[in-house]
Amino acid sequence: MIIAIDGPAGSGKSTVAKAVACRLGLRYLDTGAMYRSVAVAALARGIALDDEDALAHIAEKEHISFEHTEGRSQPSRVFLGAEDVTAAIRAPEADVAVSAVSRLFKVREVMVAKQREYVRGQSIVAEGRDIGTVVFPDADIKVFLTASPEERARRRAAERSYDAGSGTDPDAAPARQAETLAALLCRDHADSTREVSPLTAADDAVVIDTTSMSTEEVAERVVGLVGEVGGAVAGDVGCGAMSGRPFDEGC
Ligand code: DC
């Protein structure tokens with residue numbers, strides 16, 4: 001059973017994917033973390049972010065792995081070779097570099113192959129921007145999450161203030177929202193018009209507008225879809241400690 005969750009930045013993909021994986025006892029595959037790992041490797045080696053061949057070479061050669069605490073759906077650490085890159089892939093430099101890296105066709109080719117290899121017959125909840133359209137076009141369940149740009153910007157601003165240590169203080173968020181909204185609209189445009197794997201819902205995806213839904217409501221809906229297709233899920237991992245971040249999808 002493969003459950004593919006796609007959607008634009010701030011739509012809640014990661015949060016929902018983690019919640020669904022946790023409820024069904026399945027592993028969660030964070031494909032964004034894989035692209036981020038390649039970006040971190042490129043930065044560390046001083047490789048130009050438009051050097052497609054060199055970056056594809058890194059993507060091919062470097063082993064990207066996830067460490068799962070026994071019995072947990074969420075990976076606790078991400079490794080690039082032997083190096084723990086869990087924190088580095090979320091750094092602002094990686095945020096910027098990953099956009100350039102994930103645009104490159106040859107890099108995507110390698111990543112898609114690795115993502116398929118990672119799954120290899122196991123049941124999984126996978127999340128990204130091309131999971132239902134390119135990586136797993138035969139996924140049992142395809143979900144495309146959307147939300148209004150304003151709501152996505154609000155979530156993103158809340159995440160950023162949470163990460164900056166100011167918690168989810170509603171007073172801290174509005175100041176960032178205009179800036180966040182502009183960046184998000186720009187990102188939407190880049191993601192949906194890029195030549196390689198543009199962000200789009202698969203024809204057979206169930207589109208869920210999460211604008212006024214909680215994570216739990218969306219996860220419930222997705223879990224309900226598993227029942228509707230008569231899917232048998234024999235998950236054997238547990239939830240572990242879920243992140244406290246609200247709608248914590250990284251961009
Ligand atoms: O989901 P995220 O923010 O961690 O993704 C990081 C970057 O990688 C982002 O620019 C989108 C891109 N990405 C992609 O192009 N395809 C995927 N399957 C996953 C992420």
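Residue numbers restart at each chain and count upward from 1, following the sequence in its written direction. Whole-chain, interface and lining totals are the exception, using all residues; otherwise, since this is a predicted model, local features are given only for residues with pLDDT of at least 70 and side-chain atom pairs are given and counted only at 80 or more. Values reported for side chains reflect all heavy atoms of the structure, with hydrogen atoms and water molecules removed beforehand.

K.L.:
Go over helix 5 (residues 105-119), please, and point to the residues and values.
P.N.:
In this description a helix means any DSSP run of H or I spanning at least four residues, a strand means any run of E spanning at least two, and both kinds are numbered starting from the N terminus. Helix span, as expected, comes to 1.5 Å for every residue beyond the first. Between its terminal C-alpha atoms helix 5 stretches 21 Å, which fits the 21 Å expected from 15 residues at 1.5 Å a residue. Under the scheme applied here, a residue whose accessible area is under 20% of the maximum for its type counts as buried, over 50% as exposed, and between as partly exposed, the area being computed with a 1.4 Å probe on protein chains only. The set of residues buried in helix 5 consists of Val107, Arg108, Val110, Met111, Val112, Gln115 and Val119. The positive-phi residue at the C-terminal boundary of helix 5 is Arg120, with phi of around 25°.

K.L.:
Describe the sheet that holds strand 1 (residues 2-6), and please don't skip the residues or the numbers.
P.N.:
When DSSP finds two or more bridges between two strands, those strands count as paired. Strand order in the open sheet made by the five strands is 2-6-1-7-8, with parallel pairing throughout. Strands with a single pairing partner mark the edges of an open sheet, and in this sheet they are strand 2 (27-30) and strand 8 (206-209). The average angle at which neighbouring strand axes cross in this sheet is 20°, direction not considered. Alignment of strand 2 against strand 6 (residues 124-128), held across four bridges, turns out to be parallel. Its bridge partner being in strand 6, Asp30 is matched across the sheet by Glu127. Axis definition: a line fit to C-alpha positions, over the contact stretch in the case of helices; interaxial angles, taken between N-to-C directions, run 0 to 180 degrees.

K.L.:
Give me the lowdown on the pairing of strand 7 (residues 141-146), citing residues and values where you can.
P.N.:
Of all six residues in strand 7, five are buried, a share of seventy percent or more. Inspection of the sheet shows strand 1 paired to strand 7 by four bridges, in the parallel sense. Across the sheet, residue Asp6 finds its bridge partner in strand 7, namely Phe144. Here strand 7 runs beside strand 8; their pairing, made up of four bridges, is parallel.

K.L.:
How would you explain the packing of helix 2 (residues 31-45) against helix 5 if you had to name every residue and give the values?
P.N.:
Running from amino to carboxyl end, helix 2 crosses helix 5 at an angle of 135°, the nearest separation of the two axes being 11 Å. Considering their axes alone, helix 2 and helix 5 lie oblique with respect to each other. Here the hand of the crossing between helix 2 and helix 5 comes out right-handed. On helix 5, the residues that touch Thr31, Met34, Tyr35 and Val38 of helix 2 are Val107, Arg108, Met111, Lys114 and Gln115. Its residues assigned to classes, the contact of helix 2 with helix 5 comprises five nonpolar, two polar and two charged. Any angle from 65 to 115 degrees is called roughly perpendicular, while one under 35 is roughly parallel, one over 145 is roughly antiparallel, and all others are oblique. Crossing handedness: left-handed means the near helix sits turned counterclockwise from the far one by under a right angle, and right-handed means the same turn made clockwise. It only takes one pair of heavy atoms within 4.5 Å for two residues to be counted as in contact. Residues are grouped as follows: Ala, Val, Leu, Ile, Met, Phe, Trp, Tyr, Cys and Pro are nonpolar; Asp, Glu, Lys and Arg are charged; all remaining types, including Gly, are polar.

Remember, this is a structural readout, not a statement about activity or role.
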